[in-house]
Amino acid sequence: MFRKLSLPNSLTRKNLMALTGLFLCFFLVIHLAGNLQLLLPAERAQLQYNHYSELLSHNILIKIVSYVLYASIIAHTIYALVLTLRSRAAVGSQGYAYDRRGAVSPWYSRNMGILGTLIFFFLVVHMANFWYPYKFGEVPMDMAGRKDLYRVVVIAYREWWYVALYVVSMLVLGFHLLHGFYSAFQSLGLYHTKYGRWMNWAGRAYTLVITAGFILIPIWVFFTKPTPLP
Amino acid sequence: MKIQLKIWRQENARAQGRMVDYELTDINPEMSFLEMLDVLNEQLIQKGDMPVEFDHDCREGICGQCGLFINGRAHGPQEATTTCQLHMRHFKDGDTIYVEPFRSRAFPVIKDLRIDRSAFDRIIQAGGYISTRTGDAPEANAIPIGHDVAEAAFDAAACIGCGACVATCKNASAALFTGAKVSHLAMLPQGQPEAAERARKMVAQMEAEGFGHCTNTGACEVECPQEISIRHIARMNFEYNRAGALKK
């Protein structure tokens, strides 16, 4: 089983990390675009967001994509672990007595594993709070007779510590993306000298939009306290 | 100037090593780092102790033999220099200087600061060459190569194989070394016929030697004495993926 899981070398493993990572990057765009509906005035947001949620959960295409998404998250996590273990072995047991290697690379690029682990734990909390109740739990209905996910979300974001958890988690995600987006293209070899600078900027712009967007939503809900209709 | 040294001493490949303290007085700031170690060794020999073994050859920064991990950095605190081109004027009077060998499982310590870098040789043997009939020297202009291409290829070919990239990498990856070699030949017409096979074989050998993966932190290009860009790693990845995609 483990033998079959291990791709022939670190380049192929990194290709897999890059492809799954970029797919997750793509997912974040769609996820953020959908969630920006939460910023609409309460009544409109409630109807529209619940309609959107229902649409997603009943669309066969979205269902297929969601399975690819789960598989990507699992593969990205497992291969990160496989690569880290191999890297430990490659470094060897004897470390440096005096180590200032950190001075020559950004801290987040050296700690992608830790950032990734934090994101993984956030994902568990995130899915336990919204995805699980929506799919399998009890959710009140809105006026149009749809599951009122909007209510679940805005009530959750009334707690300051919950908003704080989200903001911190999104910053963690931001740093992971800041290195990950650029790194994925480098790993796939799609990093030309001529376009390299553009890719750097594209990565930074992408990271800024995604991170700021996901941070804005809980803060906005916390301060505007929208009241969903019964 | 006066300096305190903490140097890794290890009897042989199997022995347990440790950091040993030495003190040197009257060091000329214009000495190179290796000349300072020469002074230390003279003193050790006079006292009847074993001198500190370290690799060195040209002492001009072009051979790639010297390579020490100095004060937590590959080739010391100065960027884009080999250890032999680092001078004592970059340190202060009374400084404590840590001197360790480049660390990685693929570079076992032979003795003291000397390491076995033959893993690099085997990566080159796997495909870092072009197969050609060696007769008379060919006419230099027989194959026209644009100036930009020649310069770009030479940027990669400038690698001296010192191993600083592996030493500074958190994963002990040899991606910059292998990338430079793959990239150098991939850019030139002479390298084209064997480009796919070369990328596959060299990557496979790099894996077999037990080097880690590349996480694109970019630390290697900062420490590289020849300032080889990590773009060459991307080109190696591209060449490897292309080889896989077009495999018959």
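Relevant structure appears above.
If you're wondering where the values come from, they're calculated on a predicted model, not measured in any experiment. (Residues numbered from 1 in each chain as written. Chains lettered and ligands numbered in written order. Predicted model: local features only at pLDDT ≥ 70, side-chain atom pairs only at ≥ 80, totals over all residues. Heavy atoms only, no water.)

With that settled, the discussion passes to the overall build of chain A. A tally of helices and strands in chain A yields 9 helices and 0 strands. Mapped from its N terminus to its C terminus, chain A presents α and β elements in the order α-α-α-α-α-α-α-α-α. With the C-alpha coordinates of chain A rotated into their principal frame, the extents come out at 65 × 40 × 40 Å. Within chain A, the proportion of its 230 residues that are buried is 43%. Across chain A, contacts joining residues at least 24 apart in sequence account for 77% of those joining residues at least 6 apart. Summed over its atoms, the accessible surface of chain A is roughly 13,000 Å², and 72% of this surface lies on carbon and sulfur atoms. Averaging the positions of the 20 positive and the 7 negative side-chain charges in chain A gives two centres separated by 21 Å. (Helix = DSSP H or I, 4+ residues; strand = E, 2+ residues; numbered from the N terminus. Buried < 20%, exposed > 50% of the residue type's maximum accessible area, 1.4 Å probe, protein only. Contact = heavy atoms within 4.5 Å. Areas by Shrake-Rupley, 256 points an atom, 1.4 Å probe, with all protein chains shown as cover. Lys, Arg positive; Asp, Glu negative; His and termini not counted. Charge placed at Lys NZ, Arg CZ, Asp CG, Glu CD.)

Together, I60(A), L61(A), I64(A) and V68(A) make up a nonpolar patch on the protein surface, roughly 410 Å² of accessible area in all. Here L61(A) lies in helix α4 (residues 60-91). (Patch = residues over 30% accessible without salt bridge, like charges linked within 9 Å, V, L, I, M, F, W, Y side chains within 5 Å. Salt bridge = Lys/Arg side-chain N within 4 Å of Asp/Glu carboxyl O.)

All names here are of chain A. Direction vectors running N to C along helix α2 (residues 10-35) and helix α8 (residues 160-188) enclose 130 degrees, while the axes themselves pass 9 Å from each other. Classified by the angle between their axes, α2 and α8 sit oblique to one another. Between α2 and α8 the crossing geometry is left-handed. Along its contact with α2, which presents K14, N15, A18, L19, L22, C25 and L28, the element α8 presents L173, L177, F181, S183, A184, F185, S187 and L188. Looking at side-chain class alone, the contact of α2 with α8 contains 11 nonpolar, 3 polar and 1 charged residues. (Axes fitted to C-alpha atoms, helices over the stretch in contact; angles between N-to-C directions. Parallel < 35°, antiparallel > 145°, perpendicular 65-115°, else oblique. Left-handed = near helix turned anticlockwise from the far one by under 90°. Nonpolar A, V, L, I, M, F, W, Y, C, P; charged D, E, K, R; others polar.)

A covalent bond between the sulfur atoms of two cysteines is referred to as a disulfide. Residue and element names in this part refer to chain B. Enumeration according to the criterion identifies 0 disulfides over all chains in this entry. Sulfur of C66: no disulfide; nearest cysteine sulfur belongs to C84 and is 3.8 Å away. C162 provides the cysteine sulfur closest to C224, a residue in no disulfide bond, and the two sulfurs are 6.4 Å apart. Judged by relative accessible area, which is 9%, C224 ranks as buried. (Disulfide = S-S within 2.5 Å.)

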